[in-house]
Amino acid sequence: MPHDHPAHPGQPFDLGPVLDAVGPRLRELRLERGTTLAQLSEATGISVSTLSRLESGGRKPTLELLLPLARAHQVALDELVDAPDTGDPRVRPKPIQRYGMTLLPLTPRSEGLQAYKMIMPPNPPERQPEQRTHEGYEWIYVLSGRIRLLLGPHDLLLGPGEVVEFDTRTPHWFGNPGPEPAELLSLLGPQGERMHVRARPKQTT
């Protein structure tokens, strides 16, 4: 029989520590994104007082409350309710939909280097490239399809087996010129996973 089973047959699993960790995790996610309780309340329809009690542990988390919070934070539900560590070193990626792409995290959540497999559909012709910048460092390897990369003044077309690495403080944009979906591996250095900000303000009339 396996020796790492978390409990004896028939013995109920103690959810107390798991639920107790939800509040701090919710607060951590909100602060990482620079969101106030009022902004989160507007996005989820959950009152500020309920959100505050959830974060402090004064309110028991329920599925009805966690689902809109997971959507607002753009994370999978199980990222809010961490399962106990089983000692299994395998990473089980769960797809994340973001900016029209599918991202498969290949590294555990941490403060260091992050690795992703990206599946990028062709960009619609009407979508205009817009270079952006953020703190960090990025490395991209094209597995299949093609990627167009605008990096500062350079306009590059990358095919299978090609690699690019760059400081993400350089204005950049990448997309899929088609015709088929593109698959790539991406490594993001510290702070590279943060939301992009525009490299230059849009012209106003």
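Keep in mind that this is a model prediction, so the values were computed, not measured.

What counts and what doesn't
- Residues numbered from 1 in each chain as written.
- Predicted model: local features only at pLDDT ≥ 70, side-chain atom pairs only at ≥ 80, totals over all residues.
- Heavy atoms only, no water.
- Pairing = 2+ DSSP bridges.
- Helix = DSSP H or I, 4+ residues; strand = E, 2+ residues; numbered from the N terminus.
- Axes fitted to C-alpha atoms, helices over the stretch in contact; angles between N-to-C directions.
- Buried < 20%, exposed > 50% of the residue type's maximum accessible area, 1.4 Å probe, protein only.
- Contact = heavy atoms within 4.5 Å.

(A) Molecular detail of the sheet that holds strand β10 (residues 182-188). One open sheet accounts for six strands, arranged β1-β2-β3-β10-β5-β8; its pairing is antiparallel. Across the chains shown, the open sheet's two edge strands, defined by having one partner strand only, are β1 (96-98) and β8 (163-167). Within the sheet, the average angular offset between the axes of one strand and its neighbour, ignoring direction, is 25°. Relative to strand β3 (residues 114-120), strand β2 (residues 101-105) runs antiparallel, the two being bridged by four bridges. Bridging from a neighbouring strand, Pro105 pairs with Tyr116 of β3.

(B) How the structure looks around helix α5 (residues 63-73). Looking at α5, one finds that the buried residues are Leu65, Leu66, Pro68, Leu69, Ala70 and His73. Packing partners of the buried residues in α5 comprise α2 (22-32), α3 (37-44) and α4 (48-56). Looking one or two residues past α5, Gln74 carries a phi angle of roughly 55°, positive in sign.

By themselves, these observations are geometric and do not establish any function.
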